[in-house]
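Each chain, letter by letter, is given below.
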Amino acid sequence: MNVRMFALLGLFAPVLVGAQTTGTVQGTVTDAGNGLPLAAAQVRIDGTALGGLSDAAGRYTIAGVPTGRRVVVARRIGYAEARREIDVSSAAAATVDFAMTASATTLGEVVVTGTAAPTQRRAIGTSIASVDSAAISKSNAVTVDQALQGKIAGAQIVQNSGTPGGGGVTVRLRGTSSFISGSDPLYIVDGVIVDNSSSTLRDLGSRGNVQNRLADLNPADIERIEVIRGAAAAALYGSRANNGVVQIFTKRGTAGRSRISLHSRVAQSELPTKLRINDYPFDIQGNPVTRVDAQDLIFRDAITIENNLSVDGGNEQTRYYINGTWTDEDGIQRGEASSRRGARVNITQEIRPRLTLDLGANFVNTHNDFLVNGEGTGVLTAFLFNPTTYDPRPVSGVYPFGPVLNPNPLLAIDRFKHPQDINRFIGSAQARWNPLDRLTVSYTFGYDGYSLEQSEFFPRGSFPSGTAATGLASNGINNSRILNQDAVANYLFDWNDFQLTTSGGVNYTHQRIRNTIATSTNLVPIVEVVSGGATPSAAQSIVELKTFGFYAQEQIGWRDRLFLTGAIRWDASSTFGPDERWQVFPKASLSYVVSEDDWFRGLVSENTVSSLRLRTALGYAGNQPSVLNAYSRFDDYASVSFDNKPGVVNSVTLGNAALKPERQREWEVGADMGFLNDRISLEVTYYDKLVSDLLFFRPVATSTGYSRQFSAIGAMSNKGWELLARTINMDQPNFRWDMTAVYSRNRNLVERLDIPSFQSATGYPNRIRQGDPVGIFYGVYAVRNCQTGAYLLDSLGRLRPSTSLPADIAQRRAMAGGNCADSANRVLGDPNPDWVGSLLNEFQVGKSLRLRMLLDGSFGNDVMNLSRRIRDLGTALNSPENEAEFLPFGDPRKRPPGFFARRLGIFSEYVEDGSFVKLREVSATYTFTQPVVTRYFSDGIELTLSGRNLYTWSDYSGYDPEGNLFGQNAPGLTTTAADRGFDFASVPIPRTWSASLRFTY
Amino acid sequence: MRQYFAKALLASSLGLVACDLDTTNPNSPTQETVVSNVEGLMALGVGLQARFGTSTGAFIYASGLLTEELGAIGTAFSTISDAEGGTVAPNAGLVADFWNSSYRTIKTANDIIVGAGSVTMPRGTRSGLLGMAYLFKAGAIGELAQGFDSLPIDTYDNPTPEFVDRTTALTYVLALLDSAQRAYADTVPSAQFTSQVLATGVDVPNTILAYKARYRRLMGNWAGALAAADSVSRTVFSRLPFSAQAPNPLFNVSTGSSGVLPRDAYRADALEVQRTSFFVKDTAIAGRIGTPLDAWVVFAANTSPIPTYYPDEVLLIKAEALVNLGRLPEAQAVVDSVRTDCPGAGRVTTDPGPCLAPLAAVLTAPQLIAEIYRNRRYELFATGLRWEDLRRLGLVGATSIAKRCWLPYPVGERNANPGNVPADPEGTEPPANNNECASLELP
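All values derive from a computational prediction rather than experimental measurement. (Residues numbered from 1 in each chain as written. Chains lettered and ligands numbered in written order. Predicted model: local features only at pLDDT ≥ 70, side-chain atom pairs only at ≥ 80, totals over all residues.)

## Concerning the overall build of chain A
- Regarding its fold elements, chain A presents 12 helices and 50 strands.
- The C-alpha radius of gyration computed for chain A amounts to 30 Å, which stays within 12% of the reference 30 Å derived for 1001 residues, consistent with globular compactness.
- Considering only C-alpha atoms, chain A reaches an extent of 95 × 70 × 65 Å along its principal axes.
- Counting only residues that meet the buried cut, chain A has 57% of its 1001 residues in that class. (Helix = DSSP H or I, 4+ residues; strand = E, 2+ residues; numbered from the N terminus. Rg over C-alpha atoms; globule rule 2.2 N^0.38 Å. Buried ≥ 20, exposed ≤ 12 C-beta atoms within 10 Å, placed from the backbone.)

## Notes on the overall build of chain B
- When helices and strands are counted, chain B shows 17 helices and 8 strands.
- Compactness check: chain B gives a C-alpha radius of gyration of 25 Å against a globular reference of 22 Å for 443 residues, within 12% of the reference.
- Its C-alpha atoms put chain B at 110 × 50 × 40 Å along the principal axes.
- Every one of the 443 residues in chain B was classed for burial, and the buried ones make up 52%.

## Considering the confidence of the model for chain A
- On average, chain A scores 89 in pLDDT, and the residues at 70 or more come to 96%.
- The weakest mean pLDDT in chain A belongs to helix H1 (residues 2-9) of chain A at 38; the strongest belongs to strand E46 (residues 911-913) of chain A at 97. (pLDDT = per-residue confidence, 0-100.)

## Quick look at the sheet that holds strand E45 (residues 862-865) of chain A
- Strands sit in the order E46-E45-E49 (chain A) across an open sheet of 3 strands; the sheet is mixed. Both outer strands of the open sheet, E46 and strand E49 (982-983) of chain A, are each paired with one neighbouring strand and no more. (Pairing = 2+ DSSP bridges.)

## Thoughts on the packing of helix H9 (residues 204-218) of chain B against helix H13 (residues 311-324) of chain B
Residues and elements named next belong to chain B.
- For the pair H9 and H13, interaxial distance at closest approach is 10 Å and the crossing angle is 40°. Taken as axis vectors, H9 and H13 run oblique relative to one another. Once H9 is placed against H13, the crossing between them reads as left-handed. Where H9 approaches H13, its residues Ala 210, Ala 213, Arg 214 and Arg 217 are matched on the opposing element by Glu 313, Val 314, Ile 317, Glu 320 and Ala 321.
- Residue classes in the contact of H9 with H13 are distributed as 5 nonpolar, no polar and 4 charged. (Axes fitted to C-alpha atoms, helices over the stretch in contact; angles between N-to-C directions. Parallel < 35°, antiparallel > 145°, perpendicular 65-115°, else oblique. Left-handed = near helix turned anticlockwise from the far one by under 90°. Contact = placed C-beta atoms within 7 Å. Nonpolar A, V, L, I, M, F, W, Y, C, P; charged D, E, K, R; others polar.)

## Points about the interface of chain B and chain A
- Facing the 56 residues of chain B at the interface are 47 residues of chain A.
- Those elements that provide at least two residues to the side of chain B that touches chain A are helix H1 (2-17), helix H2 (31-35), helix H3 (38-66), helix H5 (93-116) and helix H17 (411-416) of chain B.
- The element that contributes the greatest number of residues to the side of chain B that touches chain A is H1 of chain B, accounting for 10 residues.
- A breakdown of the residues in the side of chain B that touches chain A according to their chemical character gives 26 nonpolar, 24 polar and 6 charged.

## Things to note about the nonpolar core
- Formed by 124 residues in total, the largest nonpolar core has its most connected members in Ala 133 and Val 260 of chain B.
- For this core, the element with the most residues is H3 of chain B, which contributes 15 residues.
- Sequence-distant contacts of Val 260 of chain B, defined by excluding residues within four places in its chain, comprise Tyr 61, Leu 65, Leu 70, Gly 71, Ala 72, Ile 73, Ala 76, Ile 80 and Val 253 of chain B.
- In this structure, Ile 152, Tyr 443, Leu 724 and Val 742 of chain A belong to the second largest nonpolar core, which totals 71 residues. (Core = buried A, V, L, I, M, F, W, Y, C linked by C-beta atoms within 7 Å.)

## Description of the packing of H5 of chain B against helix H6 (residues 123-144) of chain B
Residues and elements named next belong to chain B.
- One way to put it is that H5 packs onto H6 with a least axis distance of 9 Å and a crossing angle of 150°. Looking at the two axes, H5 sits roughly antiparallel to H6. Crossing of H5 against H6: the hand is left-handed. Contacts between H5 and H6 pair Ser 102, Thr 105, Ile 106, Ala 109, Asn 110, Ile 112, Ile 113 and Ala 116 from the former with Arg 126, Leu 129, Leu 130, Ala 133, Tyr 134, Phe 136, Lys 137, Ala 140, Ile 141, Glu 143 and Leu 144 from the latter.
- Its residues assigned to classes, the contact of H5 with H6 comprises 13 nonpolar, 3 polar and 3 charged.

## Some remarks on the sheet that holds strand E40 (residues 766-767) of chain A
Residue and element names in this part refer to chain A.
- Taken together, the 3 strands give an open sheet; going across it, the order is E40-E41-E42, and neighbouring strands pair in antiparallel fashion. The open sheet has two edge strands with one neighbour each: E40 and strand E42 (826-829).
- One ladder, built from 2 bridges, connects E40 with strand E41 (residues 776-779); its direction is antiparallel. Across the sheet, Arg 767 pairs through a bridge with Ile 776, a residue of E41.

## A short note on the environment of Ser 908 of chain A
Residue and element names in this part refer to chain A.
- As for its position among the elements, Ser 908 is in the loop between helix H11 (899-903) and E46.
- What makes Ser 908 buried here is the crowd of 23 C-beta atoms within 10 Å.
- A sequence separation of 79 residues divides Ser 908 from Gly 829, and the C-alpha atoms of the two residues are 8.3 Å apart.
- Filtering out sequence-adjacent residues up to four positions away, Ser 908 remains in contact with Val 780, Tyr 781, Ala 782 and Leu 828.

## A few points about the domain arrangement of chain A
- When cut into domains, chain A gives domain 1 (1-102) and domain 2 (178-252 + 260-776 + 830-862).
- Each of domain 1 of chain A and domain 2 of chain A has a C-alpha centre, and the two are 33 Å apart. (Domains from an automatic or database assignment.)

Written out as structure tokens, the structure is:
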């Protein structure tokens, strides 16, 4: 390793060059259509890494530009690229103003993710999605990943619950690519790999967590997000790129007068729909009863207040962006709240004319008060398990026990405590050095560290029995730290019609997680800390994970229209077995801007097909074992105690000395098209991914003394189409109407499974089976007559589960009148959608009013409605449907006694179509620019009224077809990333109304 | 100045190189570290006893449930009550629990046997560790051979072990017991072993001898069984101790979804009240399928010990050997010595004692054998040994006492060791009555 490293280091020791004189370029960027200033336009000096962004007033400044004749390029999403040539001198700043014309195509946009150096989109053979700050700030989302919902082709972004603080978001790029690691993409902020785990120290139910750590990022700090979706684009990220990469760029200040901006938002969230309840006035014996809807006692209208105060500005040498944020969000479930306090300081300092330092420091404190939901001792769980005759309200201060499941939900809300405190610091330092015009060397050091402290408290007597009956106090601390070092060198070389870009880089990541947890039961009354318990226990663990890699890339461009790129990444991880330590991930891509060739122009006029680019790419990427499996290559011995003596025995999981990453091969082919003078743009991509060496637990012969081994068990494919269409429907001086449509279709298939099919969520009716999509629902079904489709009932008029039929096939066929009930279990549904899509409409009315509306939908996915199922429990029967069992005999709607209790065991009866369309975002923004306003607030006052998740169109009978019991799927033995679409006692996603004001001074 | 930047950059890059990707797991030791030093091997010795406690418990559970000794409690899963009637599928938990836990005992014993051969340690520590490892390995294989008609014995570092028949397995068990005896006799076990490894109450040398008697009896080696039985101390009662941290496995499964308790049929003979009250007490609990159940006396707490053998098992083996060797009067005297053992008296005061009168008349050989088996039933309750006795008595079948001849092989083993696992000797459903169990005949 070291020998190879030193060879590479040659790249970072280039010849030092003499000082050069530099000058400054500045100007304003405006919309040619209406003359309004354009913010967030990228302005760069062509052929160099120098550049900046325009501010809200359209102003930009680029310092340190080498003197001489330079080409200045302005680019912005939604506009055509603009170029101007200018003489730069050291004497005075050169002024270049741009008036940009609207365009729906994006070929000129510069992206950096998945490429060794900033590269124009036209040169890249893969499709890369980008989202700008405007789309994020208008979404009213609390977290960055929520804000991305409905904005990226090829992505299925699901908010798993409606708890405050983000609710836990799962991002699947081009389908599920892994059973482990949650299958979520790699997140990079300003070049620093950040932790997006969903660690929880005390179970909050659901085997998952209600917050993923991306929730610590403040969406207001985000300038731009780039998303690459598969191996073809992500090969440069090597063994961590299987699930795609999301790179987030935070705001950098703009040179010029300092600007102070205050943004305040107040929002109200509410439960969109209540579940209807059984309010039948008699019990099963016909005695009158009073029924209570506990939802009225559990849910509330909740207020969110968000404030951001930022200052940015700077001069030729120094630019800065400082932001302080303060957000308090109450949950719609009483007792839940989340708050975030944070600050970010970003400084860009030109140290020498050719040496720039970017510093970023972000501190955040996130505090959550959560309640258990889903499985276990949940609040909504208790509502669904208990009959509506149960009134949970306290009587003389005593909270009555539920007849079926405890705790009393109101006791849980009032007295239980599950606080989480996260203190996190993300810091980055990047040095960029241009020793030559054509050579850029950069080095990034990143740090992402946080401590997560979580406690739990159940007062004495909260449960009628069990270990927590005597009270429980628990406290755990999780310290996570990622150190990241990244060095890249990039050299440009022109030769006749060819432009060659040679890049090389090296990356080292060191992740360490330490946690300690102490729990005690048998609590002294009043005391809520662990030391108040008589029966303590404790645990500790330390995990270290190191990844080291380097890469080289060569890009050959021909006449700026034909580009061929080849790259190779070598990666080593401490999680791999010693003989599998180094893994190689190559990629190649081709891009051809057909529309700039003369022959094409001879065929089609610019008015019809204004631009056309064809692209294709092939790449490999991997997926490392996660933190949970970081030591799976070792044969671990576990401690046991016998006769009060300490002992050890082998863990039943056999170590795998040949452990290596999951490996993905992906190819994609696509086209980017512009029609009618770029008024319409269309990006189409077809991809084909094959993940082999999928990691999971392979059963081993138990006669060896082991039960399983973490190893390669099979292969899985994802194939699909992505369409992104942008149109400028109208572009008048006083009215502009833009539309964006996104369509993503993915087909997942478990191609090969070397182990028997398995229930991926232990205890739940789902499977991973060869020849089926991952995580299909599988289990017992209600037997029907094969000809008529009518239910086959037993002598009491109840449904017959497929498992109750005799094992003999002939007898089964005779009973069902055909072969439709031959097996005891079968596939019941598929939680993977056929397609997901969104439609965004944006309007600019006059100079001051902007309107937007985003519809977001998922189609063809099934949901296992376990919330409805548990209401069928014989002792619960709390849904309106269940009233049929209470009706007097003789009533034609009467269901026989035990009908629903019998149905409870038949999972097929709870599979529902989970297709939905949501009115995800609606907003209206008015900017006051009257002189009386601009006298005090130079950029005006912006008033926004908006809504999020306002309405859901769906046939689903539960609260919400979006969401998942297993949260972000904490990977392990009992759930995998494939387990989706389970609705069970999760807090529904609220409907939110907001009003916000932004003052800029 | 610029040179400094260049140097800083270079130094940072060098920092990248200073990484060692060979991490170790700080949370738990690995096999290499455990088997390569004395502390690790001694800890394995403790772990071995814990594992044998678990596996012998699983043997008692499976055997007891299939021989009308134990019954499923009301909260038990239907698979448990099905087993009570003899229906056992290859994926049943009780099959996997018995198989897996026994092979885990064997794995830990093998770890010690392999490690103790190469690690420098006091001679008395090695003799203790090796004696114990061979003993419990033999014990686990011997118990497996009473539930499965063939089984792998060569399982160390062998991902796909081959199956051998019971005779081969039991021959191997006797060879292991010889090794245990030799290793233990090498030198007096050190204080290091007896104080830091050996659990209080466990007697290794006498258990080795008792097991030799037990398995020689199974193999029909009557002279050998007699010799071994005679060499067992009459005053030792060797028991595995349990605690809250390592609870008695049978106490542990007296509640919950796998729960079993003794069936009250054991108490039917009023004359045997002295012995039955050692094990159970009448509490009139209804089982899942209506079987009346009793509460444990012998396993009434999570700290209740499980004997590695009952002292009178040795005497009953001796008596049976004498009958088979034609020495009937001696045999009857031994049977009488068991019959007249009274609670709180005798050679061992804490074992079951029937406190019956001596046999009134001189018995014939078949009569003596019948009396020996009758005594074995009462004396050796909840030891798992009754299953083999019933097989020998031909009392096997759906409506007989033992519901099955053999257990099916666990599905986990079949899936991961394809090609080596033989066809199940019986289906999921119990066999017909008085089934002559195949592979019962031992040389």
